[in-house]
Amino acid sequence: MTGINWEDPFCGEGNNCFRIGTDADGNAYIAIAGQEDHYLTDTHEALRTLIQDIKAGKADHLL
């Protein structure tokens, strides 16, 4: 999709890669690398909160 500025993929082992992007309107996007036309979107603030919570260990039970 045009208008989304995708970051380089964040990859784990193998082909487990995610991409994060933003647009000029302040929206944030998460997609599987190579499938950027199928994305989740929310506000930039929501993405910030998600990243902060992950860094704080609130998703460690998923590992």
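For the structure, see preceding data.
Here goes a summary of the coordinates provided. (Residues numbered from 1 in each chain as written. Predicted model: local features only at pLDDT ≥ 70, side-chain atom pairs only at ≥ 80, totals over all residues. Heavy atoms only, no water.)

This part is about the overall build of the chain. Within the chain, the regular secondary structure consists of one helix and five strands. The order of α-helices and β-strands along the chain, N terminus first, is β-β-β-β-β-α. Taken along the three principal axes of its C-alpha coordinates, the chain extends 35 × 30 × 15 Å. Burial analysis of the chain (63 residues in total) assigns 21% to the buried set. Looking at the chain as shown, the accessible area adds up to about 4900 Å², and 53% of this sits on carbon and sulfur atoms. Distance between charge centres in the chain, computed from 4 positive and 11 negative side chains, equals 8 Å. (Helix = DSSP H or I, 4+ residues; strand = E, 2+ residues; numbered from the N terminus. Buried < 20%, exposed > 50% of the residue type's maximum accessible area, 1.4 Å probe, protein only. Areas by Shrake-Rupley, 256 points an atom, 1.4 Å probe, with all protein chains shown as cover. Lys, Arg positive; Asp, Glu negative; His and termini not counted. Charge placed at Lys NZ, Arg CZ, Asp CG, Glu CD.)

For the coordinates displayed, the defined rule picks out three salt bridges. Across the pair R19 and E36 runs a salt bridge, and its minimum N-O distance is 3.0 Å. Placement of the pair is R19 in strand β3 (residues 17-22) and E36 in the loop between β4 (27-32) and β5 (39-43), with a sequence separation of 17 residues. Across this residue pair, the class does not change: R19 and E36 are buried. (Salt bridge = Lys/Arg side-chain N within 4 Å of Asp/Glu carboxyl O.)

Glancing now at the state of the cysteines. What the rule picks out here adds up to one disulfide. Sulfur-sulfur distance for the disulfide between C11 and C17 comes to 2.1 Å. With the S-S bond torsion at 115°, the cross-link from C11 to C17 turns out right-handed. The exposure class of C17 is buried, given its relative accessible area of 14%. (Disulfide = S-S within 2.5 Å.)

Its relative accessible area of 15% is what places E36 among the buried residues. Within the structure, the side chain of E36 is placed 3.0 Å from the side chain of R19, a separation counted as a polar contact. A distance of 3.1 Å separates a polar side-chain atom of E36 from the backbone nitrogen of G34. (Polar contact = N/O pair within 3.5 Å; in protein donor to acceptor, adjacent residues only side chain to side chain.)

Turning our eyes to something else, we now look at the side chain of D23. Looking at where D23 falls in the secondary structure, it is placed in the loop between β3 and β4. Among the polar contacts made by the side chain of D23, one reaches the main-chain amide nitrogen of D25 at a distance of 2.9 Å. A polar contact of 3.1 Å, which involves the side chain of D23, links it to the backbone nitrogen of G26. Once residues lying within four places of it in the same chain are set aside, the contact partners of D23 are G3 and Y29. (Contact = heavy atoms within 4.5 Å.)

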